[in-house]
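Architecture and fold: a report
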Amino acid sequence: MTPIKTAIALFAGTGLVAGLAVAGPGPDEDQLVIEGETLITEVAAPEDHPLDTIYSGWRFRSDETQALEIDDFENPAMVAVEYGLDLWDTAAGSSEKSCADCHGDVDSLAGLRANMPKWNEAAGQPWSLEHWINWSITEHQGAEPWKWESEEMLAMTALIGLQSRGMPMTVETEGPMADWIARGKELYYTRVGQLDMACNQCHEDNWGQMIRADHLSQGMINGFPTYRFKWSGLGSLHRRFSGCMKNIRAKPYKRGSDEFVALEAYLAARGAGLSIETPAVRN
Amino acid sequence: MKATGAALAALAALGLAAAAGAETAPDAVQITDGTLAAPLTAEPGDAARGRQLFAGRKQGNCLACHANSDLADEPFHGEVGPPLDGAADRWSEAELRAIVVNSKEVFGDQTIMPAFYRVSGFNRPLGDFAGKPILTAQQVEDVVAYLRTLKE
């Protein structure tokens, strides 16, 4: 058992960055336009959805935080995207090939992030983008895989995700994916931790409300990997899941675990139609 | 652990808990019809400490969900639960104690409000938090004493 600091506050609680105004209840009316392209931050929910309308987390952030995502020059995640481009062009492993040697320009991967997590026939399960990247690194480059939360992995998932920016999330929901989505749904509604809460109690029953200094969104995943002030950097979706679980004092699942992939699959279906915003900016 | 709990329960039943200076263990608490009349500790609750626990982010953090005019000096009151102004006019001491100890016994299983003095029945509790209540018996009494001051 890993030693845990008993100092973990109940809920995040401390998400506030000094000097930033806190938004009021509900999503705001702002439009997300990046480089002249309007992103979908509000859309009618897919069929059989507990909510009528789904919103991107961007709509719940303060104007100051929102502004950083609107402008690619201000977006603090773009440094990582640059690094991702370097990695894309760098030969590595026994193959001595770079990503570019096989894939050409990175925009050849446009649309990929919008379909994640994606079924892998050989593995017999869906894979997150991180899994696909590591598979290519080990199988094709003959190099060492990256750690889930490493700078390299965050840079590459941000770079590849950016190629799908503006595209609607459209995860496969039929066939063998259906079981995984059902499993993710069960996790979403299962109460965990010393605080005995489930995802839906904050993100379905109380979105739009303030929980101390935090403005609750619907907990959508379209912005990941996301730059967070609290992290002073980019973080993966599975890190966010882990954070929400720790805030309710629940033992998180591992990054890349079947549980988190299932949860990711369910949330991808739950947010279908929202634009990919990677790399988004949040507090 | 278990044995101590049972022993304490027996003591409480005899009304000796207070006399012995002991406290009721979480598993020994009996909420009936949404009420818990017997204090968990011999020492009476301290409302001033309870007020701090109410606002403290690492302790009760009640303010995360409940607005409270008495704490107007604290920023960021939550909106997830009802405001607690006048809570003592709406609920008796025994009801308030039951709400803090295990709100699920009062509001039903679906409430988002955590049980602050419960140790069993949890799914995947994190490390050090496993087997421990969020608040100690004395802290519960302090919070209840504070809630009793919230009158309009």
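Keep in mind that this is a model prediction, so the values were computed, not measured.

Description of the UniProt feature "domain: Cytochrome c" (unreviewed entry) in chain A
Residue and element names in this part refer to chain A. Listed under "domain: Cytochrome c" (unreviewed entry) in the UniProt record, and renumbered for this structure, are residues 84-169 and 183-275. Within residues 84-169, the helical portion is 41% and the strand portion 7%, while the C-alpha atoms at the span's ends are 22 Å from each other. Regarding residues 183-275, the helix share stands at 38% and the strand share at 11%, and the terminal C-alpha atoms are separated by 24 Å.

What to know about the packing of helix α8 (residues 237-247) of chain A against helix α9 (residues 258-270) of chain A
Residues and elements named next belong to chain A. α9 packs onto α8 with a crossing angle of 100° between their chain directions and a minimal axis gap of 11 Å. By the angle class used here, α8 and α9 are roughly perpendicular. In this structure, α8 uses Leu237, His238, Phe241, Ser242 and Met245 to contact α9, whose residues at the interface are Phe260, Val261, Leu263, Glu264 and Leu267. Looking at the contact of α8 with α9 residue by residue, the classes come out as seven nonpolar, two polar and one charged.

Here we look at the environment of Asn68 of chain B
All names here are of chain B. Summarising the element assignment, Asn68 is placed in the loop between α3 (47-55) and α4 (87-90). Relative accessible area serves as the criterion here: at 2%, Asn68 is assigned to the buried category. Spatially, the C-alpha atom of Asn68 lies 21 Å from that of Val106, the residues being 38 residues apart in sequence. When near neighbours in sequence (up to four residues on either side) are disregarded, Asn68 contacts Phe54, Leu63, His77, Asp85, Tyr146 and Leu150. At a separation of 3.0 Å, a polar atom in the side chain of Asn68 contacts the main-chain amide nitrogen of Asp70.

Overview of the side chain of Thr157 of chain A
Residue and element names in this part refer to chain A. Positionally, Thr157 belongs in helix α5 (residues 151-162). Relative accessible area serves as the criterion here: at 2%, Thr157 is assigned to the buried category. There is a polar contact of 3.2 Å between the side chain of Thr157 and the backbone oxygen of Leu154. Apart from the residues within four sequence positions on either side, Thr157 is in contact with Leu129, Glu130, Ile133, Pro225 and Thr278.

Definitions and limits used
Residues numbered from 1 in each chain as written. Chains lettered and ligands numbered in written order. Predicted model: local features only at pLDDT ≥ 70, side-chain atom pairs only at ≥ 80, totals over all residues. Heavy atoms only, no water. UniProt positions renumbered as here; feature names shortened; annotations may be inferred. Helix = DSSP H or I, 4+ residues; strand = E, 2+ residues; numbered from the N terminus. Axes fitted to C-alpha atoms, helices over the stretch in contact; angles between N-to-C directions. Parallel < 35°, antiparallel > 145°, perpendicular 65-115°, else oblique. Contact = heavy atoms within 4.5 Å. Nonpolar A, V, L, I, M, F, W, Y, C, P; charged D, E, K, R; others polar. Buried < 20%, exposed > 50% of the residue type's maximum accessible area, 1.4 Å probe, protein only. Polar contact = N/O pair within 3.5 Å; in protein donor to acceptor, adjacent residues only side chain to side chain.

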